Amino acid sequence: MCAAEATASLLQVEETFSACLARIDALILKPLLQAEPSDPKGKENFKLFLLLNDLFQALWNLTEENYRILKQKCSTSESFCIQDIYTVWKGDLFLSLYIRYFVTFANYVVVHGFEHATKSKSEAWKDHKAVLKQFLTDFTSETSMSLALYTVLHKPIRDHIEQYILLLTKLHEVLKEGSEKTVVTSAIKEYVKLQSFISQVLDEACFTKSLWKSLGYKFTDMLCVPERRLLEDSKNLPISASTNRSDRILLFDDVLVLIQGNSFQSFDLKLVWVDENCREKSAPGMYGLRIITPEETFFLFAKDPQMKAVWQWKLNQAVRQALNGKRDFPLWGKTGEGTEPPSCRFFTYVFRLEGKFKSASYEGEWHWGKPHGKGTLKWRDGRNHVGDFKEGLEHGFGICLVPRQSEDRYDCYKCHWYEGKMRGYGICEYGNDMVYKGYFKDNVRQGFGILEKFSAEHPFKYTGQWENDKKNGYGVWEDKDRGERYIGTWLDDHKHGQGIVVTQSGVCYQRTFHADKMVGSGILLLEDDSVYEGNFTEDLTFVGKGKLSFANGFILEGTFTNKSGQGLQMHGTLNTSNEQLDDRITKAQLGLEEFPVEKRWKGIYDQFLEFIHSGCKEETEESFTGFHIQTSKELRKSQEYLFCQRGTEDVSWKIEDILEDLVQHQGLESLQSYLEKALKSSLHPLGKLLKALAIAFQATYSGIGANRHLLTMAQEEVKYYAKKIWEFYQGLLHLALEQKGQLPAKCMDEDTSDQKACNVVLPLILPCFYPELFMLYMLYHEREDDLYCQGIMDLSLFPDIKLLEFLDVQKHLWPLKDLTLTTNQRQSLIKDKCFLSATECLQKLITTVDPREKLVILQKTYEEIESTVSRVVDKDYKLPMDDLLPLLMYVVSRAKIQHLGAEIHLIRDLMEPTNRGGLYDFLLTALESCYEHIRRIRLHQRENCHVTHSS
């Protein structure tokens, strides 16, 4: 058969088929369309019949249209090709329409549509019955009208598909090997599949229809829907559920139904998992399957392994097709092939049974019957949880909204969860304008955290330790209304134990507290440098026995009273024997014994230590060390990072990379470079630790906390930070070496470790604490620096030569050649020209925060002085101490460095221990001597010199 013969045969087949469809339309469909029923059930079926009619018309129209095109082609052309056989090149269109028709036809069968249609009482239907019966005899010998209708509306169409296959098969036999034959082969396969599909669809429909007939009305009304198909019935293929679970098991294409007496349970197949490894002990000779659903797990038992295998296969295929949202084509494949359904799925489910999720709707990822992965939980009371789940519980990062009962606002928790409870770092934005940033455990605040209230009414900020959702342990409270800061211990949300209170006015006191009330005596440090030791009230009024030490050395000791209208009264003694300031009083340091440095901010250290002990797993890093990944604008609005602020960084700081780099950077220079980058990074654990400590430091010592009586507390705290950061670095390195199978180096003794911390870490972290720390040094040395500045101002009046003379600098060391004169200028009046390079070098002292760099600047200043002197005397000259001090004093007076006393003491306190007793120590001592000499110059001596100069 050539293409022309195939075309002619196709024309003949289509002409016959079209005539048949026309008769069916006229004698069956049109009369039925006029017989619209009035009962509810009949109306539902009639809607389905309308859809069936629409698809019939579409199928008829497609046949007619292609028939006309082909007939026109035959009348105008004598040459034909495979493209003219539209059943080949339009195969997909034909297949799609036939599939839709037979699926709808099967739906109509399932709901007993033909039985209802033939019982129609309409006149049009009654008048047409006789003609219809005659017509039906051409197709079937069935005497049942409904069965005859069923046959006539599918058999001619199925026969026509068979004719398509025969025609294409004949064409295939005569075609030569090539692309055309391949196309025809493919088309034949698809039509054969269609035949199989139609057969399976009709079998399933009849199987399902028989079920609805056998079940009672109660089950049918609730379970019967046109699209639902029965795939297996335990009455046909015996299987039983767990003891007393059900009488009958029905597997549909969308649900699994267990019938027990007059009730039933249905399980959506999209959330059914079938486990062949049944863990339930079954009776001898029984083979089980475990069925897992979101809220229930039960078992199905078969009597032989073959029966179990069939049920398992049918269940898995039904689940897979339900998840795909469409049936296979053909329904069960050629030999029943098919892949296993995925264990991970995405679906929405409303929990029904008692439990923490009761009445909650979950939309998200599932794994073996449990929420697992990303998902959203919504409760009816307004609670929402969006985040990560693991094995049915919140686990990982999540955001939870909890409505407040008394107001139309929410508490928003952005936190890490562990096995259903908040654990690790998180942020809570409460509906009452408070925000908590810190750690949780078992759904309550636990460990280090910051609670802040931003509203205009009673704003405050607490930074410190929490236990069981309450302030417990060491913490700092700032009352912004009162302008006060409390630094001390807490118990169950109350100030309890030793505490220091610093006020905005500069007053500072240390007391013992009990449930927010002051008890016992304390020490009160006043603005005028007076110190009171004894009892006093909350408004700082002296009461009872006490001792008031004045800044001038006088001491008033006795009993103080404060009667209404009479003011402060005192009975006691006034000691005036001391006539000078006592630094032990005016510069008293608080909190050193009461708050040992190792017990402050323990909550921060504990989290980072636990992170190392847990093996530094990537997925738990944020939980221990704080957020650093901005997942979306909705999740991380504004500045929500406690320990870090996300920035663009060139370096990747994944945990595995961090541990690898640690091993590669163990040499001193390499280590310093690595630590510098790590500590500056907001992604590295060490950088996060530094950020956390900086926040705690600022909460204590910035703003109101800038009080000179807290300097030693702050100074030892910074040193301890360096020690702890070095310890954590050592812990990370130890872990990295262990993971690479290398033996870690022997542990350093405490002195060596402290020295490493001071030498390596302290200079790197100091910039983070320098502004607050140096402010405390300036306040502590304010009086000395004021005297020093007065001395500098007086000495600045001297021209260079007079100042060199006044400071007893030997004349042969004067650099007179540097005094360049202009017209009408006298050498004796020139200022700021001698030792200019040394002066400019010393002025750089304030440009760095690193004590090492400050000492280097001091050494370069010394070298510049020595270089200038060598140039003056025209030979290498090593300055003896007697010559160095006057020259250095000259340079210091011309450098005019403010707060030089604060600078000197900061260097002295924070310099590396190895520099003590060496050149740097010598030069620092010399600078200190100059400073002391300048601030102790007698005023009248300056005045006399000034008068002499004027004359």
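The shown structure was predicted, so the numbers you read here are calculated from the model rather than taken from an experiment.

Our focus in this paragraph is the overall build of the protein chain. Of the regular secondary structure elements, the protein chain holds 27 helices and 27 strands. The proportion of buried residues among the 951 residues of the protein chain is 50%. Within the protein chain, contacts between residues at least 6 apart in sequence are counted, and of these 52% link residues at least 24 apart. Carbon and sulfur atoms provide 50% of the accessible area of the protein chain, an area that totals close to 46400 Å².

The antiparallel open sheet is built from 4 strands, whose spatial order is 1-3-4-5. Each of the sheet's edge strands pairs with one partner strand only, and the pair in question is strand 1 (230-233) and strand 5 (263-268). Put simply, the sheet's adjacent strands are angled 20° from each other on average, direction ignored. Here 4 bridges tie strand 3 (residues 248-252) to strand 4 (residues 255-260), and the two strands are oriented antiparallel to one another. Within the sheet, the bridge partner assigned to Ile249 lies in strand 4 and is Leu258. Each of strand 1 and strand 3 touches helix 9 (residues 179-214); the most contacted strand, strand 1, lies at about 60° to it.

As a further point, take the sheet that holds strand 6 (residues 273-275). Pairing is antiparallel in the open sheet, where 4 strands are placed in the order 2-8-7-6. Unpaired on one side and paired on the other, strand 2 (240-241) and strand 6 mark the two borders of the sheet. Where strand 6 lies against strand 7 (residues 287-292), 3 bridges are found, and the strand directions are antiparallel. Each residue of the ladder has a partner; that of Asp275, found in strand 7, is Arg290. Helix-sheet contacts for helix 11 (residues 305-324) involve strand 6, strand 7 and strand 8 (297-302), and the interaxial angle to strand 7 is about 20°.

Here we come to the pattern of salt bridges. For the structure shown, the criterion picks out 43 salt bridges. Asp275 is the partner of Arg290 in a salt bridge, and the nearest nitrogen-oxygen pair spans 3.1 Å. Here the residue Arg290 occupies a position in strand 7, and Asp275 occupies one in strand 6, the gap between them amounting to 15 residues.

Turning our attention to the packing of helix 13 (residues 602-613) against helix 17 (residues 685-701). For the pair helix 13 and helix 17, interaxial distance at closest approach is 10 Å and the crossing angle is 170°. Here helix 13 is positioned roughly antiparallel relative to helix 17, judged by the angle of their axes. Touching Ile604, Tyr605, Phe608 and Phe611 of helix 13 are Pro685, Lys688, Leu689, Ala692, Leu693 and Ala696, all from helix 17. Counted by class, the contact of helix 13 with helix 17 contains 9 nonpolar, no polar and 1 charged residues.

Attention now moves to empty space enclosed by the protein. Taken as a whole and judged by the stated rule, the model has 1 cavity of 30 Å³ or more. Space inside the largest cavity adds up to approximately 40 Å³. Surrounding the largest cavity, Phe608, Phe611, Ile612, Pro685, Leu686, Phe728 and Leu732 form its lining. Listing elements by their share of the lining of the largest cavity, those giving two or more residues are helix 13, helix 17 and helix 18 (711-739). Per element, the largest residue contribution to the lining of the largest cavity is 3 residues, and it comes from helix 13.

Considering all chains together, one arrives at 54 aromatic pairs under this definition. When the centroid spacing of 5.0 Å and the interplanar angle of 85° are considered together, the rings of Tyr108 and Phe114 count as edge-to-face. Each member of the pair, Tyr108 together with Phe114, is buried. Among the aromatic residues, those joined into a ring-pair cluster are Tyr413, Tyr430, Tyr436, Phe440, Phe460, Tyr462, Trp466, Trp477, Tyr486, Trp490 and Phe513. Positioned over the ring face of Tyr462 is Lys471, at 5.6 Å from the centre of the ring. Against the face of Phe536 rests Arg511, its NZ or CZ located 4.5 Å from the ring centre.

So, on to the pairing of strand 10 (residues 361-367). Pairing between strand 9 (residues 344-350) and strand 10: 7 bridges, direction antiparallel. Considered in strand 10, the bridge of Phe346 is made with Glu365. Pairing analysis gives 6 bridges linking strand 10 to strand 11 (residues 370-378), with the strands arranged antiparallel. Bridged to Trp366 within strand 11 is Pro371. Where strand 10 hands over to strand 11, the hairpin turn is made up of 2 residues, of which Trp368 adopts a positive phi near 50°.

This paragraph deals with a nonpolar patch on the surface. A grouping of Met881, Leu919 and Phe922 is seen on the molecular surface, where their side chains present a nonpolar patch of about 240 Å² in accessible area. Inspection of the secondary structure puts Phe922 in helix 26 (residues 919-936). Overall, the relative accessible area of 35% leaves Phe922 in the partly exposed class.

Chain-level statistics for the protein chain give a pLDDT mean of 84 and a share of 87% at 70 or above. In this model residues 946-951 is a low-confidence stretch, pLDDT under 50, and it forms 4 contacts with partners more than four residues away in sequence or in other chains.

Right, let's get into the environment of Tyr439. Structurally, Tyr439 is set in strand 16 (residues 434-441). Once the C-alpha coordinates of Tyr439 and Gly626 are considered, the two residues, 187 residues apart in sequence, prove to be 8.9 Å apart. Within the local environment of Tyr439, its side chain forms a polar contact with the backbone oxygen of Phe624, the two atoms lying 2.4 Å apart.

With that out of the way, let us pick up a negative patch on the surface. On the surface, Glu618, Glu619, Glu656 and Asp657 cluster together into a negatively charged patch. According to the relative accessible area criterion, Glu656 is partly exposed, its value standing at 48%.

Attention shifts here to the side chain of His154. Relative to the assigned elements, His154 resides in the loop between helix 7 (145-152) and helix 8 (155-174). On the accessibility criterion, His154 (8% relative accessible area) is buried. Beyond its immediate sequence surroundings of up to four residues, His154 is in contact with Phe102, Phe105 and Leu202.

Analysis parameters
- Residues numbered from 1 in each chain as written.
- Predicted model: local features only at pLDDT ≥ 70, side-chain atom pairs only at ≥ 80, totals over all residues.
- Heavy atoms only, no water.
- Helix = DSSP H or I, 4+ residues; strand = E, 2+ residues; numbered from the N terminus.
- Buried < 20%, exposed > 50% of the residue type's maximum accessible area, 1.4 Å probe, protein only.
- Contact = heavy atoms within 4.5 Å.
- Areas by Shrake-Rupley, 256 points an atom, 1.4 Å probe, with all protein chains shown as cover.
- Pairing = 2+ DSSP bridges.
- Axes fitted to C-alpha atoms, helices over the stretch in contact; angles between N-to-C directions.
- Salt bridge = Lys/Arg side-chain N within 4 Å of Asp/Glu carboxyl O.
- Parallel < 35°, antiparallel > 145°, perpendicular 65-115°, else oblique.
- Nonpolar A, V, L, I, M, F, W, Y, C, P; charged D, E, K, R; others polar.
- 1 Å grid on protein atoms, 1.4 Å probe; cavity = no way out; pocket = protein on both sides within 12 Å on 5 of 7 lines; lining within 4 Å.
- Points joined across faces, edges and corners; volume = space filled by probe spheres on them.
- Phe/Tyr/Trp six-rings, centres within 6.5 Å; stacked < 30°, edge-to-face > 60°.
- Lys NZ or Arg CZ within 6 Å of the ring centre and 35° of its normal.
- Patch = residues over 30% accessible without salt bridge, like charges linked within 9 Å, V, L, I, M, F, W, Y side chains within 5 Å.
- pLDDT = per-residue confidence, 0-100.
- Polar contact = N/O pair within 3.5 Å; in protein donor to acceptor, adjacent residues only side chain to side chain.
- Lys, Arg positive; Asp, Glu negative; His and termini not counted.
- Charge placed at Lys NZ, Arg CZ, Asp CG, Glu CD.

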